[in-house]
Each structure stands twice: as structure tokens, then as C-alpha cells.
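Summary of the model geometry
Each chain, written out:
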Amino acid sequence: MGTTSNGDRPWESCHTVYTNAKAGMDGVDKEKVQRVIYEMSKGSKYFENEQRKDAILKEKIERMQAQCAKLTEKDIEKFQMVADKRIEELESSRDLSKIWLHSDMDAFFAAVETLENPSLEGKPLAVGSMSMISTANYEARKYGVRSAMPGFIAFKLCPELVLVPVSFDKYVHYSEKTRKVFRRYDPNFIATSLDEAYLDITEICKGRGVTREKVAEELRKAIYEETALTCSVGVAPNRLLAKVCSDINKPNGQYVLLNELEAVLTFVSSLPIRKIGGIGKVTEHILRDGLGISTCEDMLRKSAYICGLFSPSSVDFFLSVGLGLGNTETPQLRLRKSISNERTFSSTDDQSLLFKKLEETAEALSDDLQKESLFGRTLTLKLKTSSFEVKTRATSLQKFIQSKEHIFFHASKLLRAELPLSVRLIGLRMSHFGEAESHPADPTQRTLGSFFTEGTSAGRETISEPTVDHLDEEEESTTDLAPPSSTQQGAVSWLNDYICSLCGYELPPSFLKERQEHSDFHLAEILQKESPTPPKKRRKPTSNGSKHIPIEFFFDRTKEK
DNA sequence: GGGGGAAGGACCA
DNA sequence: TTCCTGGTCCTTCCCCC
């Protein structure tokens, strides 16, 4: 979006407001769509934040260009040697023995809704809400409506749009039906979402002596017979290319790339980098404007610059893309690494409301952890401010926790440190999973919950007994330190019947629940005097400037070599 | 200097 | 009036050993 030089047509340089990367959007009146989105967005907090991010990106690219210009002939020669060696190594790892198929359901959520309500047939349809659209059918895409677009903008683009809410259960039901079919072709198929999957069809092709085209056709037919829904399929020697291929003849089509080196290299030579999974809007922009790379082949032509500017893992990824290499092995069963829950609401700086939202989120996260029998020790609080800036704050504990009470207890500490703040989203994420050390619960053990319910305000129900994960020993040992009197509503007394004696926070006497919560936080602080992990020194507070990714890092590497 | 935690961000469906 | 949710991976900064 960002700063623009074409004054009377500012939307034209608004690269964040429009993308036709989605299938079915060719032939859309791009300029009109861009103008409408710009008009609807400009001046909003969201738009301002996008401009801020754009400005950072622009600066990053300019610095990159400047540093590129500084590279001497000798530097470039040296990096070219490094690049050539790496390309040779990557090339030697090429495996053309596998046949991968990528299946992608066509406008899945919208197709399911139409199937269940045939009166929607032929109408422009989107699934989602006024805030956000999940899927748009092909009729709606003709108007520029697409997923990840807010509904109110979609209506501006297409006033006759039908908007239906997301019904996740329905999609899971149909997804299960598709998976039944996938299992017949590859019992170890990899599902990447409800509507996408990768299948290794090497054995099916060999065993039955049929072509990959035939298998693709057969699979699409089987999916249709099973679900009455269409899908698109891509077949290629690796998963990266199979995904690109499945997008080529969307909807209800297929594209097959042969397992021949020549065919692969020809295929990627003119392929736009944005078609590659893993290269999104930002990376495309950096590569295109920073290094003049817009096709996969350009990755090889500019390999010296790539080696000079990016980290080893990025270099490997970019060069692999240039060579048309991708994963060919079925990965080992991968365990979940984190689990999270977040909710967006109307922006508020009302602290009691924020803690209420936090408590709800803690409960939802705890429910999810319990469903999967998981205990975690790193808790991350995510906040989106009313200006759309995202902050995350994490804490790592000594023990693994799961209960709502423990999550809320630790999350509250993280949130309090950020207040006052106007917030529109609160999220909690649990990671670093492991075994809880002290369950099942010893009924005689005193817990955080019992401390609150017995020690501070008998009969209250704000915090219930944790059932599985117990209070840390350190926490427990501190529970006797300062048992607050119940007449003080916990650790706090209220000066002039209004002001918190510990922090000066003001709450009217009638705000009983809020006062109780406030008191609980101070209690929590007392309990945490001997914190499970000593608080680490916080990173320097990030100013706007320091949020930039320091490009010099890349060029320090230049000097090293 | 390496390992690991924290914070931020890109990307995906 | 309204710009999501839940997940993974990567990078950088920083502390500690």
C-alpha cells in the first residue's frame, strides 16, 4: 500500500489490497477491484497498519538494493562459486522415482454449502462473515471477491453476493468422505487441511500398470461419486511441484508433469515465484524488487546474490525452487508442537473486560489441551492492539500445566505487564509439551484453587480446584507467606474505599467482582515472588526503527567470506 | 560460540 | 459498523554456560 507517487490513482501502488493469485480470478476488472478496496479501506486503523508494514518492507528492500550495489565483481565471483557448488549438491539429491499427486477441492466450503442448499447454485456465494470471508465460489470470484477479504468489502464489489456462515462440522463430514477415497490410493496420504492432501501414487501406478493421468482421472471421479464435489489434481515428481500443478487447471481439472529432468526444468523456467508454496506476498516483493527475481529460473540466474544475501536455509529453499526440487519422502508422523486459541472482539481498554476475555481464552485452551491430553510449559500471550499491531509475550514454567486456573494465573501476569492497552484480540498458545509430573491429583495437596477458595474467600467460586496439574512446590511454599484477610478481599486494601493500596489502581466499591479479580492478581504476584523461572531480562523495547530486520546481517556475512 | 527462550513475522488453508 | 483462526517455521536478539 504505502507511499505512492501516482497521486490521482493511489490504489495502483497499493500492492497489499489486491491479489489475483487465487484460481478463477483471471479476467477480473483488476483496476476496479483495487479502487473499491482502496476506497473502502483508506483511513481505517487496519489500513494505517498495512501502510506502516509496507513502509518497513520498502525500507528493507531499499537497503537491500543499496547493499547489492556495493558488491564488487570479486564478491559476486566468490558468491557465484559458493552458489554453483550448492546447486551441484542439490542437483545430486534429485529424486525422480516418486509420483506425487496433490488434490485440492474446488471452493470447498462454498461447494458444500451449495450441495446442501441447491438454491445457491449459480449465485455468487461466499462463506464467512462481514469481518472475514473463508471461501468464495467461482461466480463470486468474477467480481474480485476472494478468501481473506472482509465481507463488507465483498458486498461493495458484488452487492448480490450471498454470504453464509461457516459450518465447520459440515466440512469435516465431507472431508472425511474424501479421505476415505485417498486412503484407497495411499494409506499414508498427507492431509494438509480439510480440502487438500498429498498422495504418493508411485506404487499404484507401478502395481496396476496404469498411467498417472489415468490414476488422477480415476481419483477425481471417485471423489465426485463419493461426495458430489469436484476437485483439482496435480501430478509431479515431488510435492512442491504437484501443488503447483493442481492449480493449473482449476476447477475440476488436472495437470500432469512427467518425471523427466528436461520436463521439470522447462516447467519451472518461466514459472512465477508466487506460484510456489512458501513464497507469499512479502517474499515475492523482496525477491522481485530487491533482486529482480520473478520466475523460478531467475533464482538460478541470481544465485550469487541469493548466496550473498540470505541465510543458508533460505538459500537452499530458493535454489531448490529454481531447480524444481521438492520433498519426495513421506514424512514421519509429526507430533503437534503447539496449541492455541484466540478471539477477536470490539477494541477495548476496559481492564476487567480484558481479564474476562483472557479467562475465557484460558478456559478454551485448557479444554483443547484436555481433549488431547497435553500439558505444556511455555505459555504465549498474543495481543492485537486496536491499531492492529500484534504483540506476543511468553513465559516458560518449570512444570507442565493444563488447567484453566494455572493458564489464567500465568497469562494474567503476562497481560498485566502490558496494561493499560487498547486491545482487539487476545490469544493464548501452549507449547513445549511434556508429562505433568504430579498427577493424578493428591487430594491432600494444597492447590492454587484451594488457596483462593479456602484461604482468601471461602465460598467464592471464581477459581475452582485444579484437578490434574498442581501448584508448583515453590508456589505452594509461598502460600503461607501472606495469607490476606478476607475482609480485605484478598491481598489488597482500598484506600479511601477506592484506590488499591498496592498499585494505586482505582475501582469503585460496587465493582465487587472486578475488585476480587484485582486482588487475585496481587495474590498471584505474592505467590510468584519465587517465580518458577527467574524473569529473563526483557529484550530492548522495540521502537518502530528497531523492528526492521537488519539487512546488514546479510552483509556481515559478505565480509566474512 | 552454542543452546535455548523470547519476540516478531511470513506463510498456509 | 465490520479486516479471522490456528498452526508451522524462520530469524534475530539476548542470556547463560
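Scroll up for the structure.
One structure accompanies this document, and this report is about it. (Residues numbered from 1 in each chain as written. Chains lettered and ligands numbered in written order. Predicted model: local features only at pLDDT ≥ 70, side-chain atom pairs only at ≥ 80, totals over all residues. Heavy atoms only, no water.)

Focus: the sheet that holds strand β12 (residues 423-434)
Here we have four strands laid out as an open sheet, ordered β9-β12-β10-β11, and antiparallel in their pairing. The strands lining the two open edges of the sheet, one partner per strand, are β9 (338-348) and β11 (390-401). Across this sheet, the average inter-strand angle for adjacent strands is 15°, counted without regard to direction. Pairing geometry for β9 and β12, over eight bridges, is antiparallel. Pairing of Glu-342 across the sheet is with Gly-427, part of β12. Its contacts with the sheet place helix α16 (residues 351-371) against β9, β10 (375-385) and β12, and it is angled at close to 35° to β12. The strands touched by helix α17 (residues 404-416) are β10, β11 and β12; relative to β10, the strand with the most contacts, the crossing angle is about 40°. (Pairing = 2+ DSSP bridges. Helix = DSSP H or I, 4+ residues; strand = E, 2+ residues; numbered from the N terminus. Axes fitted to C-alpha atoms, helices over the stretch in contact; angles between N-to-C directions. Contact = heavy atoms within 4.5 Å.)

Some words on the nonpolar core
Judged by nonpolar contacts, the single largest core of 43 residues is most densely connected at Leu-291, Met-299 and Phe-310. Elements that contribute at least two residues to this core include exactly α2 (45-70), α3 (73-92), α10 (239-246), α11 (261-269), α12 (281-291), α13 (296-301), α14 (303-309) and α15 (312-323). Core analysis: the second largest hydrophobic core is formed by 35 residues, Phe-109, Val-164, Tyr-171 and Phe-182 among them. (Core = buried A, V, L, I, M, F, W, Y, C linked by side-chain atoms within 4.5 Å. Buried < 20%, exposed > 50% of the residue type's maximum accessible area, 1.4 Å probe, protein only.)

Some points on the sheet that holds strand β3 (residues 133-136)
Strand order in the open sheet made by the three strands is β3-β2-β4, with mixed pairing throughout. With partners counted over all chains shown, the strands left at the sheet margins are β3 and β4 (162-164), one partner each. Pairwise comparison of adjacent strand axes, ignoring direction, gives a mean angle of 25° for this sheet. Bridging between strand β2 (residues 125-128) and β3 involves three bridges; their strand directions are antiparallel. Across the sheet, residue Gly-128 finds its bridge partner in β3, namely Ile-133.

Brief notes about the protein's contact with DNA strand B
Residues in close proximity to DNA strand B total 24 residues, the closest being Ser-193, Lys-243, Thr-283, Ala-394 and Ser-396. Sugar and phosphate atoms constitute 88% of the interface atoms of DNA strand B, taking the interface as everything within 4 Å of the protein. Elements with a minimum of two residues in the surface near DNA strand B: α12, β10 and β11. By residue number, the principal contributor to the surface near DNA strand B is β11, which donates six residues. Tallied by class, the residues present in the surface near DNA strand B amount to four nonpolar, ten polar and ten charged. (Near = heavy atom within 4 Å. Nonpolar A, V, L, I, M, F, W, Y, C, P; charged D, E, K, R; others polar.)

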